[in-house]
Amino acid sequence: MKKEAHLTGKDLMDMVQLRPQDVGKYSIVPGPRERMEAVCKKLENPVKNFSFMEYTMFTGNFQGTKVTTINGGRFAADTSITTEILCNAQTKVMLRLGSCGALREDIKVGDLVVATTAIKGDGVTQYYVDKNYVPTADKKLTDQLVEVAKTNLMGNNIHIGPCWTTDAILRETREHVGNAIQQGAIAVDMVSSAFLTICKMYNIPAAVILAVSDNVITGEMGFMNPDYYMTEASTVDTAFKLIKKLEGK
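Note that the structure is predicted; figures quoted are calculated from it, not measured.

1. Section: the nonpolar core
Counting residues in each nonpolar core, the largest one holds 35 residues, and the members touching the most others are L18, M57, M94 and F195. Within the residue set of this core, elements represented by two or more residues are α1 (9–15), β3 (55–62), α3 (76–88), β5 (93–102), β6 (112–121), α6 (192–201) and β9 (206–215). Residue contacts for M94: discarding those within four places in its chain leaves S27, T83, L86, C87, L141, F195, C199, I204, P205, A206 and A207.

Now the structure itself:
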């Protein structure tokens with residue numbers, strides 16, 4: 001190899017012709033494009049920063065504050081790419097809006113989970129950190145997120161704790177799920193460990209809020225449940241209310 005790494009986050013940023021002045025102070029990072037489009041609807045004059053492969057980034061204004069959003073990926077591998085781009089572009093605060101499966105019977109479809117830490121079950125983080133590293137959300141930002149979420153519950157319950165991240169959605173077996181629960185996990189997703197790890201490496205405060213789409217313990221599947229979609233929409237509202245609070249508006 002002629003260089004230390006074949007590609008870096010900075011290389012990717014340059015490839016899509018993104019500059020630090022192009023991105024907002026806050027970046028809202030949902031997984032699917034549909035959720036990103038819901039974020040864009042709350043921005044004034046959103047401008048497309050780039051569209052590359054399956055990912056599209058927009059930046060606009062929210063009550064005078066510059067905000068960026070991107071469909072950051074559904075899995076740890078693609079999320080690591082978009083997170084690297086945003087971190088290299090020097091955004092200041094990162095908010096992840098995702099979905100998760102509950103790992104406790106009392107957590108229902110349509111509830112909210114705010115992840116404090118992540119248990120690494122993905123294939124990305126091992127290339128960034130050692131096995132003992134614990135991906136951790138920024139405490140101050142997370143406390144503020146919880147405070148805002150509680151005032152924006154819309155009938156939802158909110159649960160706070162560790163989230164297990166795995167790449168293998170079809171291998172959420174009793175053994176693997178039980179191991180995650182023993183480590184304290186209250187929910188499972190496919191993104192948070194990579195997202196939090198990379199943000200921490202760049203010293204960018206990050207927080208994660210997740211809408212509960214199913215319950216792994218009871219077997220309940222809520223992907224077509226209106227409660228889930230209402231909660232998904234509430235995460236977008238919560239993100240903007242958090243920005244408003246952080247900006248003192």
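2. Here we look at the pattern of salt bridges
For the structure shown, the criterion picks out eight salt bridges. A salt bridge links E247 to K25; the nearest nitrogen and oxygen atoms lie 2.8 Å apart. Of the two residues, E247 is situated in the segment after α7 (226–246) and K25 in the loop between α1 and β1 (26–30); the sequence distance between them amounts to 222 residues. By relative accessible area, E247 is classed as partly exposed at 27%. What makes K25 partly exposed here is its relative accessible area of 41%. The partner of K139 in a salt bridge is D143, with the nearest N and O atoms 2.8 Å apart. One end of the pair, K139, and the other, D143, are both in helix α4 (residues 139–151), four residues apart, so they sit about a helical turn from each other. With relative accessibility at 39%, the residue D143 sits in the partly exposed group.

3. Remarks on the packing of α4 against α7
Contact pair α4 / α7: the axes reach a minimum separation of 9 Å and the direction vectors enclose 120 degrees. Looking at the two axes, α4 sits oblique to α7. Crossing of α4 over α7 shows right-handed handedness. Residues L141, Q144, L145, E147, V148 and A149 of α4 pack against T238, K241, L242, K245 and L246 of α7.

4. Digging into the packing of aromatic side chains
Any pair of aromatic rings gets described here by the distance separating the centres and the angle formed by the planes. Summed over the entire model, instances satisfying the criterion amount to two aromatic pairs. A centroid spacing of 4.8 Å and a plane angle of 55 degrees characterise the contact between F62 and F240, whose relative ring orientation is tilted. Pair noted here: F62 is in strand β3 and F240 is in helix α7, with a separation of 178 residues, a long-range link. Among the residues examined, F62 registers a relative accessible area of 12% and is labelled buried.

5. Looking at a nonpolar patch on the surface
A cluster of nonpolar residues, M221, F223, M224 and Y229, forms a patch on the protein surface that exposes about 490 Å² of accessible area. Relative to the assigned elements, Y229 resides in helix α7. Residue classification places Y229 among the partly exposed residues on the basis of a relative accessible area of 40%.

6. So, the confidence of the model for the chain
Overall, the predicted model of the chain reaches an average pLDDT of 93, with 99% of residues at or above 70. No element of the chain has a lower mean pLDDT than α1, which averages 87, and none a higher one than strand β8 (residues 187–189), which averages 98.

7. Some remarks on the packing of helix α2 (residues 33–40) against α7
It is at 10 Å that the axes of α2 and α7 come closest, and there the two elements cross at 45 degrees. For the element pair α2 / α7, the angle class is oblique. Between α2 and α7 lies a crossing whose hand is right-handed. Across the interface between the two elements, R35, A38 and V39 from α2 touch Y228, E232, V236 and F240 from α7. Tallied by class, the residues present in the contact of α2 with α7 amount to five nonpolar, no polar and two charged.

8. A look at the layout of surface pockets
Looking at the largest pocket, its volume works out to about 600 Å³. Residue assignment for the lining of the largest pocket shows that the elements contributing at least two residues are α2, β5, β8, β9 and α7. The greatest single-element share of the lining of the largest pocket, amounting to five residues, is contributed by β5. Classifying every residue of the lining of the largest pocket gives 13 nonpolar, seven polar and eight charged. Here the second largest pocket is characterised by a volume of approximately 340 Å³. If you go around the second largest pocket, the residues you meet are A5, L7, T8, G9, L12, S80, I81, E84, Y127, Y128, M201 and Y202. When residues of the lining of the second largest pocket are traced back to their parent elements, those giving at least two are α1 and α3. Here the lining of the second largest pocket gets three residues from one element, more than from any other, and that element is α3. When the residues that make up the lining of the second largest pocket are grouped by side-chain class, the tally is eight nonpolar, three polar and one charged.

Reading the values: rules and limits
- Residues numbered from 1 in each chain as written.
- Predicted model: local features only at pLDDT ≥ 70, side-chain atom pairs only at ≥ 80, totals over all residues.
- Heavy atoms only, no water.
- Core = buried A, V, L, I, M, F, W, Y, C linked by side-chain atoms within 4.5 Å.
- Buried < 20%, exposed > 50% of the residue type's maximum accessible area, 1.4 Å probe, protein only.
- Helix = DSSP H or I, 4+ residues; strand = E, 2+ residues; numbered from the N terminus.
- Contact = heavy atoms within 4.5 Å.
- Salt bridge = Lys/Arg side-chain N within 4 Å of Asp/Glu carboxyl O.
- Axes fitted to C-alpha atoms, helices over the stretch in contact; angles between N-to-C directions.
- Parallel < 35°, antiparallel > 145°, perpendicular 65-115°, else oblique.
- Left-handed = near helix turned anticlockwise from the far one by under 90°.
- Phe/Tyr/Trp six-rings, centres within 6.5 Å; stacked < 30°, edge-to-face > 60°.
- Patch = residues over 30% accessible without salt bridge, like charges linked within 9 Å, V, L, I, M, F, W, Y side chains within 5 Å.
- Areas by Shrake-Rupley, 256 points an atom, 1.4 Å probe, with all protein chains shown as cover.
- pLDDT = per-residue confidence, 0-100.
- Nonpolar A, V, L, I, M, F, W, Y, C, P; charged D, E, K, R; others polar.
- 1 Å grid on protein atoms, 1.4 Å probe; cavity = no way out; pocket = protein on both sides within 12 Å on 5 of 7 lines; lining within 4 Å.
- Points joined across faces, edges and corners; volume = space filled by probe spheres on them.

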